[in-house]
Number of protein chains: 2
Amino acid sequence: MATRSEVDYVSGRTRLFGIVGHPIAQVRSPEMITAEMTARGHDAVLVPMHVLPEDFATLVPQLLRMQNLGGLVFTIPYKARALALTSDLGAQARAVGAINALARRGDGGLRADIFDGVGCVEAFRRRGVGFAGRNVMLLGAGGAGSAIAVAIGFEKPRSLTIFDVDAARAASLASRVAAASPGIDVAAGAATISGMDILLNATPIGMLDDARLPIAIDALPRELIVFDAIVKPERTPLIDLAQRAGCTTIFGREMMHGQIARMVDFFFAD
Amino acid sequence: MATRSEVDYVSGRTRLFGIVGHPIAQVRSPEMITAEMTARGHDAVLVPMHVLPEDFATLVPQLLRMQNLGGLVFTIPYKARALALTSDLGAQARAVGAINALARRGDGGLRADIFDGVGCVEAFRRRGVGFAGRNVMLLGAGGAGSAIAVAIGFEKPRSLTIFDVDAARAASLASRVAAASPGIDVAAGAATISGMDILLNATPIGMLDDARLPIAIDALPRELIVFDAIVKPERTPLIDLAQRAGCTTIFGREMMHGQIARMVDFFFAD
């Protein structure tokens, strides 16, 4: 019974969610996660919440006292800091050392996990591609790379090789993946496609107008499956090269959709 | 360029507003104020924020630290407590001793005022009815009655008589109106329509299934202008009696719309 003087997408009964970041204008979660929640029939909205670094420690715990707040998403620069908000952490979050989603449980408690890597695995699953038994090359051991490495580790690949320009960072991530997924063959190493089944880019190289490739190659074998976590542009130089070679290409946008689906599962788990 | 997987009413650039209350499910500001803001071309949303009384003092100042928060609306039971959030108060708020809207100014400061009474005056204005020079009878000196009395006082009525079952409360309100609008004829007194031009009900009598009238009368003169602040039902026993007498009747819904228009002016004043 909405009239011209009322909108139909928010009311006093709407469950509130927020994305906390700094800056905030560029985030895509409000329009995308709200769409996923409403498509599933939830009366819910996810709004931007711009929190300054000097306010994070005092402001965010207070936000969580709002009784109709269902959960928060955390983005740059807060994924690691937000870990301290609850001790009820999922296995991915514990291994990565960061969270990007915090949900209020049915009993009022808070649980958190990280879904970047899960979103990547989900994107592959939707394409019918599994990581089990595959040789996997991951470029980039930063925030996105860490989450992706941990999630792939849980999928039991034959091997996972991690390259980063910062060799110590790659080695540290390899150790964390090994600790979280004992028995898998994971190591820091040089960027190569030799013997690899899957190549993933989790570096920022190729973003926006950056014409570089994240790995020094001239051609790709048709059998290689190529993923690029970059969302803008959709067609990065790496994706372009892979498409010209006839490779299966999986996009950052698909990882984002996979992640959103799994985060909404998490927000409404009980 | 919204797709099926995105909603078009919230993004990272959306300015955030909230209504703070306890309970919260019954509030109408989210759908109504959001509609008014978007109709004026603002990228903004007003969401419910359920704050418990024991959290108010610590939570609300932190909410105000959110950089993209444009303002807050306060409802039961917080209109008086919220007065302490800023010293930059409008004339109505100072006289009433309560606020219902807090806006972030262009320079980052906070200003507050109360719009319940202003909404009533605005509703009359839209009907071409002024209070100046009129004899006005107001029933009820509670929260709504206080705001209405103060707002009418600023309109220079010939006289304003305030009745409340609690005579001390009526007298106290009359004093506050007199202090805020020196020189007007305002007094607490018995409920009567004798000599009155305008009768306003700001008591809860007639709400929902309450079949009583807020004043002991059998008939109304056709010349009397009758207002009832009650929103549900629209047709209260008082409004019903007035309509049968052929009186001009002004509704609580019109006060609500008048208030919303003036609050949105206030939120986007600079």
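Residues numbered from 1 in each chain as written. Chains lettered and ligands numbered in written order. Predicted model: local features only at pLDDT ≥ 70, side-chain atom pairs only at ≥ 80, totals over all residues. Heavy atoms only, no water.

Caption draft 1: Representation of the overall build of chain A within the structure. Looking only at helices and strands, chain A features 8 helices and 11 strands. Each principal axis of the C-alpha atoms in chain A carries an extent, and together these give about 60 × 40 × 35 Å. Looking at the 270 residues of chain A, the share that counts as buried comes to 57%. Contacts spanning at least 24 positions in sequence make up 68% of the contacts within chain A whose residues lie at least 6 apart. A total accessible area of about 11000 Å² is found for chain A, and carbon and sulfur atoms account for 52% of it. Within chain A, one finds 27 positive and 27 negative side-chain charges whose respective centroids are separated by 3 Å. (Helix = DSSP H or I, 4+ residues; strand = E, 2+ residues; numbered from the N terminus. Buried < 20%, exposed > 50% of the residue type's maximum accessible area, 1.4 Å probe, protein only. Contact = heavy atoms within 4.5 Å. Areas by Shrake-Rupley, 256 points an atom, 1.4 Å probe, with all protein chains shown as cover. Lys, Arg positive; Asp, Glu negative; His and termini not counted. Charge placed at Lys NZ, Arg CZ, Asp CG, Glu CD.)

Caption draft 2: Examining the nonpolar core more closely. Counting 124 residues, the largest nonpolar core has L200 of chain A together with L200 of chain B as its most contacted members. Excluding residues that lie within four positions of it along the chain, L200 of chain A makes contacts with C120, F124, F131, V136, M137, L138, L139, I148, I152 and F227 of chain A. (Core = buried A, V, L, I, M, F, W, Y, C linked by side-chain atoms within 4.5 Å.)

Caption draft 3: Up close: the pattern of salt bridges. All names here are of chain A. For the coordinates displayed, the defined rule picks out 34 salt bridges over all chains. Linking R105 and D88 is a salt bridge whose minimum nitrogen-to-oxygen distance equals 2.5 Å. Of this pair, R105 sits in the loop between β4 (101–104) and β5 (110–113) while D88 sits in the loop between β3 (69–74) and α3 (91–96); the two residues are 17 residues apart in sequence, bridging distant segments of the chain. A residue is classified by how much of its surface remains accessible, and D88, at 29% relative accessible area, is partly exposed. Among the charged side chains, a salt-bridge network with shared partners connects E122, R125, R126 and R262. (Salt bridge = Lys/Arg side-chain N within 4 Å of Asp/Glu carboxyl O.)

Caption draft 4: Quick look at helix α2 (residues 56–63) of chain B. Those residues of α2 of chain B that sit buried are F56, L59, V60, Q62 and L63 of chain B. For α2 of chain B, the arc enclosing every buried residue in end-on projection is 160°, short of the 170-degree limit, so these residues lie on one face. Packing partners of the buried residues in α2 of chain B comprise α2 (56–63) of chain A together with β1 (15–21), β2 (44–50) and β3 (69–74) of chain B. (Arc of directions from axis to C-beta.)

Caption draft 5: Region of interest: the sheet that holds β3 of chain A. Residue and element names in this part refer to chain A. Pairing is mixed across the open sheet formed by 5 strands, whose spatial order is β2-β1-β3-β4-β5. Every other strand in the sheet has two partners, leaving β2 (44–50) and β5 as the edge strands with one partner each. Recorded for the sheet is a direction-independent mean angle of 20° between the axes of neighbouring strands. Strand direction decides the pairing type here: β4 and β5, joined by 4 bridges, are antiparallel. (Pairing = 2+ DSSP bridges. Axes fitted to C-alpha atoms, helices over the stretch in contact; angles between N-to-C directions.)

Caption draft 6: Summary view of the confidence of the model for chain A. Looking at chain A, the pLDDT average stands at 95 and 99% of residues meet or exceed 70. Two summary scores accompany this predicted model of the complex, namely pTM at 0.92 and ipTM at 0.91. (pLDDT = per-residue confidence, 0-100.)

Caption draft 7: Expanded view of the environment of F227 of chain A. Residues and elements named next belong to chain A. Among the structural elements, F227 can be located in strand β10 (residues 225–228). Along the sequence, F227 and Q92 sit 135 residues apart, while their C-alpha atoms lie 20 Å from each other. F227 has contacts with C120, F124, I148, L199, L200, N201, L238, I250, F251, G252 and M255, leaving out every residue within four places of it along the chain.

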